[in-house]
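Remarks on the overall topology
One letter stands for each residue in the lines below.
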Amino acid sequence: YDDVVQTMKNKGYKTTYPVVGETYTIGGAAFTIIAPNKEYGNDMNSWSVGVLLQNGNHRFLFTGDAEEGAEQDILQNGIDISADVYKVAHHGSNTATSQAFLDAVHPTYAVISAGEGNSYGHPHAETLERLAKWGVSLYNTKDRGAVSMYTDGREYGIQSP
């Protein structure tokens, strides 16, 4: 983060802040900003930019490292966050992916990005249990390596080694 900020300063770039509810298009797809919804002080994880990407009939949700408080704010902002694929927040930490949030997303697939043997113990058992209870097809980079998602607007899927 600090490297990005310093590089922007060095190049004279202007910072643009995301606005919840704004939608941008990329080809036939659109993404809507869903977070951050308020000031989070020094809680850098909850400042994560949340994005809902829609291409045709399929939706993908990305919430960065947002923690449970930020998830509650997302739930209260009135944007439908249901998605086919959910990139699990905060590497599968037990500080995110609350049951209420998971109920609202209602994903078919979930992807967790966590390195094998990471010092935080990600993903945490509580999060894995919630995802298993929900019945999602889980792809964990810790176990599978790189995970790629794709859609042409009609069909979608996930590829993993």
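Residues numbered from 1 in each chain as written. Predicted model: local features only at pLDDT ≥ 70, side-chain atom pairs only at ≥ 80, totals over all residues. Heavy atoms only, no water.

**Points about the pattern of salt bridges**
The cut-off we apply is this: Whenever a carboxyl oxygen of Asp or Glu lies within 4 Å of a side-chain nitrogen of Lys or Arg, that contact is scored as a salt bridge. Counting from the N terminus, the helices are DSSP H or I runs at least four residues long and the strands are E runs at least two residues long. Think of it in three bands: residues with accessible area under 20% of the maximum for their type are buried, residues over 50% are exposed, and the middle band is partly exposed, with areas taken using a 1.4 Å probe on protein chains only.
Under the defined criterion, the tally for this structure stands at 3 salt bridges. The partner of Asp73 in a salt bridge is Lys38, and the shortest N-O contact between them spans 3.8 Å. Pair noted here: Asp73 is in helix α2 (residues 68-76) and Lys38 is in the loop between β2 (29-35) and β3 (50-55), with a separation of 35 residues, a long-range link. Relative accessible area serves as the criterion here: at 14%, Asp73 is assigned to the buried category. Close ionic contact of Asp152 with Arg154 constitutes a salt bridge, the shortest N to O distance being 3.5 Å. Note on Arg154: relative accessible area 64%, which makes it exposed.

**With respect to the nonpolar core**
Heads up, the condition is: The term nonpolar core refers to a set of buried residues drawn from Ala, Val, Leu, Ile, Met, Phe, Trp, Tyr and Cys, joined through side-chain atoms within 4.5 Å. Whether two residues touch is decided by their heavy atoms; if any such pair falls within 4.5 Å, the residues are in contact.
Ile34, Leu61, Ile81, Tyr86, Phe101, Val105 and Leu131 are the most contacted members of the largest nonpolar core, which totals 19 residues. At the level of elements, β2, α3 (99-105) and β6 (109-112) are the ones that each hand at least two residues to this core. The element contributing the most residues to this core is α3, with 3 residues. Filtering out sequence-adjacent residues up to four positions away, Ile34 remains in contact with Val20, Gly50, Val51, Leu52, Leu61, Thr63, Ile74, Asn77, Ile79 and Ile81. Counting residues in hydrophobic clusters, the runner-up holds 6 residues, among them Phe60, Val85, Val111 and Tyr139.

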